[in-house]
Amino acid sequence: MTATRRALILAAAAAACTPTTPPTTPPAAPTRFGVAASGRGADVILVHGLASSPAVWAQTVEAFSRECRLHVLHIAGFDALPAGPNAAGLILPAIADDIASYIESAKLEKPMLIGHSMGGVIGMLTAIRHRSALGRLMVIDALPWFSVLLNPAITRIEALMQADAARDALLRQTAAEFEAGQRAAIARLVVSADDQARALAWALRADRMVMARAMHEVMTIDLRLEVAKITTPTIVLCAHDASMRFPPVAVEAAYRINYAALRGVDILVIDAARHYLMLDQPERFAGELRVFLGA
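Residues numbered from 1 in each chain as written. Predicted model: local features only at pLDDT ≥ 70, side-chain atom pairs only at ≥ 80, totals over all residues. Heavy atoms only, no water.

(A) A look at the overall build of the chain. Helices and strands together make up the secondary structure of the chain, namely 11 helices and 7 strands. With respect to the principal axes defined by its C-alpha atoms, the chain has extents near 95 × 45 × 40 Å. Partitioning the intrachain contacts of the chain with sequence separation of at least 6 by distance along the chain shows that 78% fall at a separation of at least 24. When the accessible surface of the chain is summed, it comes to about 14,500 Å², and 59% of that surface belongs to carbon and sulfur atoms. Taken together, the 28 basic and 27 acidic charged side chains of the chain have centroids lying 8 Å from each other. (Helix = DSSP H or I, 4+ residues; strand = E, 2+ residues; numbered from the N terminus. Contact = heavy atoms within 4.5 Å. Areas by Shrake-Rupley, 256 points an atom, 1.4 Å probe, with all protein chains shown as cover. Lys, Arg positive; Asp, Glu negative; His and termini not counted. Charge placed at Lys NZ, Arg CZ, Asp CG, Glu CD.)

(B) Fine view of the confidence of the model for the chain. The pLDDT averaged across the chain works out to 91; a share of 90% of its residues lies at or above 70. Segment residues 1-25: pLDDT under 50, and 2 contacts once partners within four positions in sequence are set aside and those in other chains are kept. (pLDDT = per-residue confidence, 0-100.)

(C) Representation of the environment of Val 72. On the secondary structure map, Val 72 appears in strand β3 (residues 68-75). For the pair Val 72 and Leu 46, spaced 26 residues apart in the sequence, the C-alpha separation amounts to 4.9 Å. If sequence neighbours within four positions are ignored, Val 72 has contacts with Gly 34, Val 35, Ala 36, Leu 46, Pro 54, Trp 57 and Val 61.

(D) Main features of unusual backbone geometry. Unlike most non-glycine residues, Ala 80 shows phi in positive territory, near 75°. Within the secondary structure, Ala 80 is located in the loop between β3 and α3 (92-105). On the basis of relative accessible area, Ala 80 is assigned to the exposed category, the value being 54%. One non-glycine residue, Asp 141, adopts positive backbone phi at about 50°. By the secondary structure assignment, Asp 141 is in the loop between β5 (136-140) and α5 (156-172). Overall, Asp 141 belongs to the buried group, its relative accessible area being 14%. (Buried < 20%, exposed > 50% of the residue type's maximum accessible area, 1.4 Å probe, protein only.)

(E) A look at the sheet that holds strand β2 (residues 42-47). In spatial order, the strands read β1-β3-β2-β4-β5-β6-β7; together these 7 strands make up an open sheet with mixed pairing. Edge positions in the sheet fall to β1 (33-39) and β7 (266-271), since each has one partner strand and no second. Each neighbouring strand pair of the sheet contributes to a mean axis angle of 20°, computed without reference to strand direction. Note: strand β4 (residues 112-116) against β5, 5 bridges, orientation parallel. Across the sheet, Leu 113 pairs through a bridge with Leu 137, a residue of β5. (Pairing = 2+ DSSP bridges. Axes fitted to C-alpha atoms, helices over the stretch in contact; angles between N-to-C directions.)

(F) Seen up close, the environment of Ala 180. Within the secondary structure, Ala 180 sits in helix α6 (residues 175-187). C-alpha separation for the pair Ala 180 and Leu 200, spaced 20 residues apart in sequence, amounts to 9.8 Å.

(G) How the structure looks around the nonpolar core. Judged by nonpolar contacts, the single largest core of 89 residues is most densely connected at Leu 92, Ile 99 and Tyr 259. Not counting residues within four places of it along the chain, the set of residues in contact with Tyr 259 comprises Met 124, Val 139, Ala 142, Leu 143, Pro 144, Val 236, Val 265 and Ile 267. (Core = buried A, V, L, I, M, F, W, Y, C linked by side-chain atoms within 4.5 Å.)

(H) Up close: the packing of α3 against helix α4 (residues 118-129). It is the contact of α3 with α4, at a shortest axis distance of 8 Å, that shows an interaxial angle of 60°. For the element pair α3 / α4, the angle class is oblique. Seen from above, α3 lies across α4 with right-handed handedness. Of the residues in α4, those touching α3 at Leu 92, Pro 93, Ile 95, Ala 96, Asp 97 and Ile 99 are Met 118, Val 121, Ile 122, Leu 125, Thr 126 and Arg 129. Looking at side-chain class alone, the contact of α3 with α4 contains 9 nonpolar, 1 polar and 2 charged residues. (Parallel < 35°, antiparallel > 145°, perpendicular 65-115°, else oblique. Left-handed = near helix turned anticlockwise from the far one by under 90°. Nonpolar A, V, L, I, M, F, W, Y, C, P; charged D, E, K, R; others polar.)

(I) Highlighting helix α7 (residues 193-204). When the terminal C-alpha atoms of α7 are compared, their 16 Å separation across 12 residues agrees well with the 16 Å that a helix rising 1.5 Å per residue should span. Tucked inside the fold, the buried residues of α7 contact α6 and α10 (277-280). (Expected span 1.5 Å × (residues − 1).)

(J) Quick look at helix α9 (residues 248-258). Residues of α9 that are buried: Val 251, Tyr 255 and Asn 258. For α9, the arc enclosing every buried residue in end-on projection is 65°, short of the 170-degree limit, so these residues lie on one face. Turned more than 90 degrees off the buried face of α9, the exposed positions are Val 249 and Ile 257. (Arc of directions from axis to C-beta.)

As structure tokens, this is what we get:
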């Protein structure tokens, strides 16, 4: 046997006996949103609402990053993040699918998802379309179908007509008209002047086309029967403020009617708060969140 042949045989034998480490594949980057992850512990995904910002979770991140690993989503097209694939096609279902893909690629084990407003609708879509993806779900001030707020007896055709009109009106507005409209709307959604200013700044940095189309989807997606498919333990926080001119029990009753198909749902009213209840009642929200995370 030649020295060269002997060397080749020994090299082959050594390679066969040496355990190999399979190449690692980095998690696939989501395309519909950016993610900022921080902290250590149980995985929690935070999803902001329409014309909002990941900054809405700043107090939550500060309070809970020492006990949870928080994955704060920044939806493409909002708060100055380029629209990317959200520039075309359906937005909300695609984001739900992208969340499921992110959970799988990042190897998250039954993460909890907390969604505010439109983010709550996205959370419900995720739980419906990917039934084993989430461990728990918190929906903040969102109904399975937004348009019942306009008229409890609204039909799907009426909702579609109103959504078309609202989308088109938003896109026709001049910059000054858009700012004035957002300022007036946000005054009804947030209590303090400082938080109103922050929320207005977020809205003004939104991609108008993405905002209008996402709003149209929120107004036309009816999940009242679809929520029956959700097997994830779910809690819904809803806001009540004296400016609403009806009692907290009326808010709770309306939510229970619209979530009637979701078995075992827990509904809690946060008083003295408007739509951005995590800003209006941060201590109460943190308390409910602590219970949710430890449930």
